[in-house]
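Take a look at the letters that make up each chain.
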2 protein chains.
Amino acid sequence: MADTDAITLYDYWRSSATYRVRIALNLKGLRYTQKAVHLLRDGGEQHGAAYRALNPQASVPTLVHGERVIRQSLAIVEYLDEIAAPSLLPAAPLARARVRELALLIACDVHPLNNLRVARYLEHEFGADASARERWMRHWMAEGFRAFEALLAADGATGRCCHGDAPTLADACLVPQVYNARRFGLDLAPFPTLSRVADHCLTLPAFDAARPENQPDAVA
Amino acid sequence: MADTDAITLYDYWRSSATYRVRIALNLKGLRYTQKAVHLLRDGGEQHGAAYRALNPQASVPTLVHGERVIRQSLAIVEYLDEIAAPSLLPAAPLARARVRELALLIACDVHPLNNLRVARYLEHEFGADASARERWMRHWMAEGFRAFEALLAADGATGRCCHGDAPTLADACLVPQVYNARRFGLDLAPFPTLSRVADHCLTLPAFDAARPENQPDAVA
């Protein structure tokens, strides 16, 4: 670790982007303080002026490391990867590309469509009721998972984790998305490889401790 | 460059994700062959079996480098960055994090909501007409650009480009998104810093050659 400055994670228990960062911090054994930003209370604490000064997107996560402020979950994980072992990316450029490709498939093509702000727009502008919004969520998760499953199943580099037997950035993105998929009732039967990988990861202490239900701000 | 294997880019002139990769290839002076995947013709060439075997997401870009196949624009750019100079990321971890944060703000929180497949879902499932779909697009671009502008304006590291005076991954994401913003009639007046940066980048040959209208498959 480059220095011993304190790490603070602005967090929300059910935010899957933040869940990725918790996994990475835990895998690296980094100590951090969580500050809960309640996305639903009082119209959303993330919209308050103090938090917006830290994060103009009014989104979680934000990581503060000493004086440094970093937003965007994948930028945070790559940053952590550059300052603390063990690495969550393999060594060779092609293998690194594969791990990033899997991570970005979820971070760019699945998760952004399932965000709270998007669900609200669908409700208010298009009159989408709860059932239509859940259908929307499941649609994009299923589409992304079909490709993710194909990429895992077709590649001999897939191991107990997405890439080999040690967790990478790809697993840190997959596991929170599988949590969301279960939450919104997506049938995972068509995705045996990614389900197996996610279930394996969840047996590891770093992933277990990062589960939404294990966070201090979790609501039963 | 690690080797001299040929590079092929599966491309579509108006795809802003592919536009990012063209910028990166040009900045690095890498020669590449473009294979156009027409996203609109015959229900979309990306859905054909041959292309799906290469890219199960049926999306562009796909980069083939010798025998290696890489999907997801940011994974491709990071890969190119690891095998060929000049780097599109600064050297220090915090600076790298800032560049990735800006890139991901666009790649995760703006662009995915403006995709063709999303516009089609809105049309078919929610009956969103062209004007509602364009309002949707402008909404997410404006929201993302407000945060992007704030991050650029607040940071002394912003130069002629997003980070300093040399182009980075952040510029490779910003410029295509500004192209989309202009295409869909977003007023850029509230975003003077990002507009200035994008306009500066477009004076550089690598960015100019990557413009959608300069691609072989461009339609007037």
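Read on for an overview of the structure.

Considering all chains together, one arrives at 1 cavity of 30 Å³ or more under this definition. Lining the largest cavity, in full, are A:Leu74, A:Glu78, A:Arg100, A:Leu104, A:Leu169, B:Leu74, B:Glu78, B:Arg100, B:Ala103, B:Leu104 and B:Leu169. When contributions to the lining of the largest cavity are tallied by element, the ones reaching two or more residues are helix H3 (73-83) and helix H4 (93-109) of chain A together with helix H3 (73-83) and helix H4 (93-109) of chain B. Looking at the lining of the largest cavity element by element, the count peaks at 3 residues for H4(B). Classifying every residue of the lining of the largest cavity by side-chain character gives 7 nonpolar, no polar and 4 charged.

So, about the interface of chain B and chain A. The partner chain A presents 42 residues to the 42 residues of chain B that form the contact. Carbon and sulfur atoms make up 66% of the surface buried where chain B meets chain A, a total of about 4000 Å² over both sides. Interface area lost by chain B to chain A is led by B:Arg117, B:Tyr121 and B:Phe126, which between them contribute 16%. For the pair chain B and chain A, the interface holds 12 salt bridges. Its salt-bridge partner being A:Arg100, residue B:Glu82 comes within 3.0 Å of it at the nearest N-O pair. Across the contact surface, chain B and chain A share 16 residue pairs in polar contact (both at pLDDT 80 or more). Split by residue class, the side of chain B that touches chain A holds 27 nonpolar, 3 polar and 12 charged.

Membership of the largest hydrophobic core comes to 163 residues, with the highest contact counts inside it found for A:Trp136, A:Phe145, A:Leu174, B:Trp136, B:Phe145 and B:Leu174. Filtering out sequence-adjacent residues up to four positions away, A:Phe145 remains in contact with A:Ile106, A:Leu174, A:Gln177, A:Val178, A:Ala181, A:Leu186, A:Leu188, A:Phe191 and A:Leu194.

Let us look at the relation of the copies chain B and chain A. With an axial shift of 0.0 Å and an RMSD of 0.0 Å, the rotation relating chain B to chain A amounts to 180°. Both chain copies can therefore be described as sitting about a two-fold axis. Relative to the rotation axis, the C-alpha of B:Cys108 is the closest in chain B, positioned 2.3 Å from it.

Okay, the packing of aromatic side chains next. Here a ring pair, both rings aromatic, is described through the centre-centre distance and the interplanar angle of the planes. One pass over the full model with this rule turns up 20 aromatic pairs over all chains. When the ring of A:Tyr121 is compared with that of B:Trp136, the centres are 5.1 Å apart and the planes differ by 85°; the resulting orientation is edge-to-face. Here A:Tyr121 is found in helix H5 (residues 116-126), whereas its partner B:Trp136 is found in helix H6 (residues 130-153) on a different chain. Both residues of the pair, A:Tyr121 and B:Trp136, belong to the buried class. Put simply, the rings of A:Tyr121, A:Phe126, A:Trp136, A:Trp140, B:Tyr121, B:Phe126, B:Trp136 and B:Trp140 pair up and form one aromatic cluster.

A separate point is helix H5 (residues 116-126) of chain B. Because each turn of an α-helix spans 3.6 residues, side chains separated by three or four positions in sequence point in the same direction. Buried within H5(B) are the following residues: B:Val118, B:Ala119, B:Tyr121, B:Leu122 and B:Phe126. Looking down the long axis of H5(B), one finds its buried residues gathered within 160° of arc, a one-sided arrangement. Buried positions along H5(B) lie against H5 and helix H6 (130-153) of chain A together with H6 of chain B. Downstream of H5(B) by a residue or two, B:Gly127 has a phi angle that is positive, lying close to 65°.

This part is about the sheet that holds strand S1 (residues 7-11) of chain A. All names here are of chain A. Within the open sheet, the 4 strands sit side by side as S2-S1-S3-S4. Their pairing is mixed. The sheet is open, and its two borders are formed by strand S2 (33-36) and strand S4 (68-71), each paired with just one other strand. Across the sheet, the axes of successive neighbouring strands diverge by a mean angle of 20°, strand direction being ignored. Relative to strand S3 (residues 62-65), S1 runs antiparallel, the two sharing 4 bridges. Bridge pairing in S3 links Ile-7 to His-65. Of the strands in this sheet, S1, S2 and S3 touch helix H1 (residues 16-27), which is tilted by about 155° from S1.

Okay, the packing of helix H7 (residues 169-183) of chain A against helix H8 (residues 192-202) of chain A next. The packing of two helices is summarised by the inter-axis angle and the distance between the axes. All names here are of chain A. Running from amino to carboxyl end, H7 crosses H8 at an angle of 105°, the nearest separation of the two axes being 9 Å. Taken together, H7 and H8 sit at an angle that is classed as roughly perpendicular. Only Leu-194, Val-197, Ala-198, Asp-199, Cys-201 and Leu-202 of H8 make contact with H7, whose side of the interface consists of Asp-171, Leu-174, Val-175, Val-178 and Arg-182. Here the contact of H7 with H8 is built from residues that sort into 8 nonpolar, no polar and 3 charged.

Basis of the calculations
Residues numbered from 1 in each chain as written. Chains lettered and ligands numbered in written order. Predicted model: local features only at pLDDT ≥ 70, side-chain atom pairs only at ≥ 80, totals over all residues. Heavy atoms only, no water. 1 Å grid on protein atoms, 1.4 Å probe; cavity = no way out; pocket = protein on both sides within 12 Å on 5 of 7 lines; lining within 4 Å. Points joined across faces, edges and corners; volume = space filled by probe spheres on them. Helix = DSSP H or I, 4+ residues; strand = E, 2+ residues; numbered from the N terminus. Nonpolar A, V, L, I, M, F, W, Y, C, P; charged D, E, K, R; others polar. Contact = heavy atoms within 4.5 Å. Buried area = accessible area lost by both parts, 1.4 Å probe. Salt bridge = Lys/Arg side-chain N within 4 Å of Asp/Glu carboxyl O. Polar contact = N/O pair within 3.5 Å; in protein donor to acceptor, adjacent residues only side chain to side chain. Core = buried A, V, L, I, M, F, W, Y, C linked by side-chain atoms within 4.5 Å. Buried < 20%, exposed > 50% of the residue type's maximum accessible area, 1.4 Å probe, protein only. Least-squares fit on C-alpha atoms with pLDDT ≥ 70 in both. Phe/Tyr/Trp six-rings, centres within 6.5 Å; stacked < 30°, edge-to-face > 60°. Arc of directions from axis to C-beta. Pairing = 2+ DSSP bridges. Axes fitted to C-alpha atoms, helices over the stretch in contact; angles between N-to-C directions. Parallel < 35°, antiparallel > 145°, perpendicular 65-115°, else oblique.

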